[in-house]
Amino acid sequence: EAQVTQNPRYLITVTGKKLTVTCSQNMNHEYMSWYRQDPGLGLRQIYYSMNVEVTDKGDVPEGYKVSRKEKRNFPLILESPSPNQTSLYFCASRTGTGGWGYTFGSGTRLTVV
Amino acid sequence: GESVGLHLPTLSVQEGDNSIINCAYSNSASDYFIWYKQESGKGPQFIIDIRSNMDKRQGQRVTVLLNKTVKHLSLQIAATQPGDSAVYFCAENIAGTYKYIFGTGTRLKVLA
């Protein structure tokens, strides 16, 4: 089944404790993105990747890092999480430069206390 | 935890009626548009898309209308069913870019 898999689904952590949210897709998509979703706001892009070893900042990159060492994986790293990073995170992938819809993962609900 | 949809406008429709969900998109340079459905606890799911060279596109029970003059997109759901209850939001892709802009969404409630 074609899908984007992200883990964990739920995570509660403390301020400052480094964490990684994993994302993997099995559709051979070139493009992958991380979004956060907060009440009253649309999905906001954190980082995106056009292909292996090619990444760029989205609209809200502060406090996050990403890497794209393999085409299928695109982990999101929070080096020192803070409470304002409490949110619902989605990984997504698609093919093409634009004009194609994203396939989204099921989401990771992160709480930083 | 707080629902992502807590602050969203809500459309309530009777089961079997047609639903119309609207979206005003932001960028006149956008040339590709998508409607997503997001059920509680799940990721957004692609419903239907349309390119700017079209005014209308139909899928199974869904129709998307695009009015570029007023930068307006609508999603019509025919014979709305309880399983259609979800948050619906539109997305636009600015031509020639990697940039996608997502709307905040509308919650659709189907009344039995």
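A few words now on the sheet that holds strand E2 (residues 19-24) of chain B. Residues and elements named next belong to chain B. Read from one edge of the open sheet, four strands run E2-E7-E6-E5, paired in antiparallel fashion. On the outer flanks of this sheet lie E2 and strand E5 (56-58), each paired with one strand and no other. Taken pair by pair, the neighbouring strands of this sheet meet at an average axis angle of 15°, ignoring direction. Direction of pairing for E5 relative to strand E6 (residues 62-67): antiparallel, over a ladder of three bridges. Paired with Gln 58 across the two strands is Thr 63, which belongs to E6.

Let us now look at the nonpolar core. Judged by nonpolar contacts, the single largest core of 19 residues is most densely connected at Trp 35, Leu 73, Leu 75, Tyr 88 and Leu 108 of chain B. Where this core is concerned, the elements lending two or more residues are E2, strand E3 (30-38), strand E4 (45-51), E6, strand E7 (72-77), strand E8 (86-94) and strand E10 (106-111) of chain B. In this structure Leu 75 of chain B touches Ser 19, Ile 20, Ile 21, Trp 35, Ile 47, Ile 48, Val 62, Thr 63 and Tyr 88 of chain B, once residues within four positions along its chain are discounted. One finds Trp 34, Val 66, Leu 76 and Leu 78 of chain A within the second-largest nonpolar core, a separate group that totals 18 residues.

Looking now at the sheet that holds strand E3 (residues 19-25) of chain A. Residues and elements named next belong to chain A. Strand order in the open sheet formed by four strands is E1-E3-E8-E7, and the pairing between neighbours is antiparallel. Strand pairing shows two members of the sheet lacking a second neighbour, strand E1 (4-7) and strand E7 (65-66), which therefore form its edges. Across four bridges, the pairing between E1 and E3 is antiparallel. Within E3, the residue paired with Gln 6 across the bridge is Cys 23.

A word on the packing of aromatic side chains. Scanning the model with the defined rule gives 14 aromatic pairs over all chains in all. A centroid spacing of 6.2 Å and a plane angle of 90° characterise the contact between Phe 90 of chain A and Phe 104 of chain A, whose relative ring orientation is edge-to-face. Highlighted residues: Phe 90 of chain A in strand E9 (residues 87-94) and Phe 104 of chain A in strand E10 (residues 103-104), separated in sequence by 14 residues. The class for Phe 90 of chain A is buried, based on a relative accessible area of 0%. For Phe 104 of chain A, a relative accessible area of 9% translates into the label buried. Judged by centre distance (6.4 Å) and plane angle (85°), the ring pair of Tyr 36 of chain B and Phe 46 of chain B falls under edge-to-face.

Interface extent is often summarised as the accessible area lost during association of the parts. In this complex, chain A contributes 25 residues to the contact, which on the side of chain B involves 23 residues. At the surface where chain A touches chain B, the tally comes to one salt bridge. Here Lys 99 of chain B ties to Asp 59 of chain A by a salt bridge, and the two come within 2.4 Å at their closest N and O atoms. Along the contact surface separating chain A from chain B lie six residue pairs in polar contact (both at pLDDT 80 or more). At the level of secondary structure, the elements contributing two or more residues to the side of chain A that touches chain B comprise strand E4 (31-37), strand E5 (44-51) and E9 of chain A. When grouped by side-chain class, the residues that make up the side of chain A that touches chain B number 12 nonpolar, nine polar and four charged.

Okay, the pattern of salt bridges next. Summed over all chains, the structure comprises nine salt bridges over all chains. Notably, a salt bridge pairs Lys 42 of chain B with Glu 39 of chain B, separated by 3.9 Å at the nearest N-O pair. One continuous salt-bridge network, built from bridges that share partners, spans Lys 18, Lys 65 and Glu 79 of chain A.

Attention now moves to unusual backbone geometry. In the segment running from Asn 7 of chain A into Pro 8 of chain A, the intervening peptide bond is cis, with an omega of 0°. With respect to the helices and strands, Pro 8 of chain A occurs in the loop between E1 and strand E2 (10-13). Although it is not a glycine, Ala 79 of chain B adopts a positive phi angle of roughly 45°. Tracing the sequence through the fold places Ala 79 of chain B in the loop between E7 and E8. Ala 79 of chain B gets classed as partly exposed once you look at its relative accessible area, which sits at 37%.

Criteria and cut-off values
- Residues numbered from 1 in each chain as written.
- Chains lettered and ligands numbered in written order.
- Predicted model: local features only at pLDDT ≥ 70, side-chain atom pairs only at ≥ 80, totals over all residues.
- Heavy atoms only, no water.
- Pairing = 2+ DSSP bridges.
- Helix = DSSP H or I, 4+ residues; strand = E, 2+ residues; numbered from the N terminus.
- Axes fitted to C-alpha atoms, helices over the stretch in contact; angles between N-to-C directions.
- Core = buried A, V, L, I, M, F, W, Y, C linked by side-chain atoms within 4.5 Å.
- Buried < 20%, exposed > 50% of the residue type's maximum accessible area, 1.4 Å probe, protein only.
- Contact = heavy atoms within 4.5 Å.
- Phe/Tyr/Trp six-rings, centres within 6.5 Å; stacked < 30°, edge-to-face > 60°.
- Salt bridge = Lys/Arg side-chain N within 4 Å of Asp/Glu carboxyl O.
- Polar contact = N/O pair within 3.5 Å; in protein donor to acceptor, adjacent residues only side chain to side chain.
- Nonpolar A, V, L, I, M, F, W, Y, C, P; charged D, E, K, R; others polar.

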